[in-house]
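# Structure at a glance
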Amino acid sequence: MRVMGTRIRELREERGYSLHDLAKKASISVSYLSEIERGAKKPSLKTLDKIAKALNYPREQLIDAGQERGMGLGERIRLLREEKGKSLTALAEEAGISPSYLSEIERGNVYPAVDTLKKITAVLQVPLSTILGTPGSLGQKLRQAREEQGFTQAELARAAGVSAGLIGQIEQGKVQPSLKTLEKIGEVLNISPCYFIADDAGVDEILNQMCPAVRRLLTEPQVQAVLRMVCNCTEEELRFILNFIQLYKRSH
């Protein structure tokens, strides 16, 4: 992550703040802010949040998109774990590893053995390839979801607080977005970030069990758009949908 110190200085000066004014608003020292603006210091995300809040400016736009750090394996595991409603301790115990080791994995401090990854994915009930990452597939899913909802790359970028160039690079598979970027995009599209990283393995097998009429229906863009909305449903909402389907089938 590369913070644009010159941009922070420009925004500060545009707002008529002195170094002392902005440092006080952000609760950091004047000398530290000066070093950030000169590019001599790399602030933590917490510090950058304070500066962005003081400037009333999106934090993501203070980061150089060209230096976007792709979502790491640990972040994928954490995202999937939280999506499944599991605590760090619960996942660690079920996978047969220590919570401290899992914490190190999620923070990107260690890279686990394949056997350990298999245990983790078995508990999370996802294919191994889901946490290893498939950036090309992610880009295709993003483009399809964006077009279905009528967003141009520029409109989606503006709403998510990122650059249009970054959206284009993600869709082309040239860049893997960070978890924060993916969460911002998902929020705009009303889609869970897990949808973008989920592996499609096994889908063909499920489709083969369906009758031809249903398979044709699933290829319609409107139906696919509805299915993607389901990705962001809460457990209560999803149970309501399932109960409604069962009621409908019984009544017919």
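Refer to the preceding data block for the structure.
Since we're looking at a predicted model, the values are computed, not measured.

Now for the overall build of the protein chain. Within the protein chain one finds 18 helices and 0 strands. Taken over 252 residues, the protein chain has a buried fraction of 35%. Counted over contacts in the protein chain with a minimum sequence separation of 6, partners at least 24 positions apart contribute 62%. Of the roughly 14,600 Å² of accessible surface on the protein chain, 52% is carried by carbon and sulfur atoms.

Turning to the environment of Pro 58, a few remarks are in order. Examined against the element boundaries, Pro 58 turns out to sit in the loop between helix H4 (45–55) and helix H5 (73–83). Spatially, the C-alpha atom of Pro 58 lies 9.6 Å from that of Ala 160, the residues being 102 residues apart in sequence.

Before going further, it helps to spend a moment on unusual backbone geometry. Although it is not a glycine, Asn 56 adopts a positive phi angle of roughly 55 degrees. With respect to the helices and strands, Asn 56 occurs in the loop between H4 and H5. Residue classification places Asn 56 among the exposed positions, given a relative accessible area of 71%. Its identity as a non-glycine residue notwithstanding, Asn 190 has a phi of 60 degrees, on the positive side. Inspection of the secondary structure assignment puts Asn 190 in the loop between helix H13 (179–189) and helix H14 (193–197).

Definitions and cut-offs
- Residues numbered from 1 in each chain as written.
- Predicted model: local features only at pLDDT ≥ 70, side-chain atom pairs only at ≥ 80, totals over all residues.
- Heavy atoms only, no water.
- Helix = DSSP H or I, 4+ residues; strand = E, 2+ residues; numbered from the N terminus.
- Buried < 20%, exposed > 50% of the residue type's maximum accessible area, 1.4 Å probe, protein only.
- Contact = heavy atoms within 4.5 Å.
- Areas by Shrake-Rupley, 256 points an atom, 1.4 Å probe, with all protein chains shown as cover.

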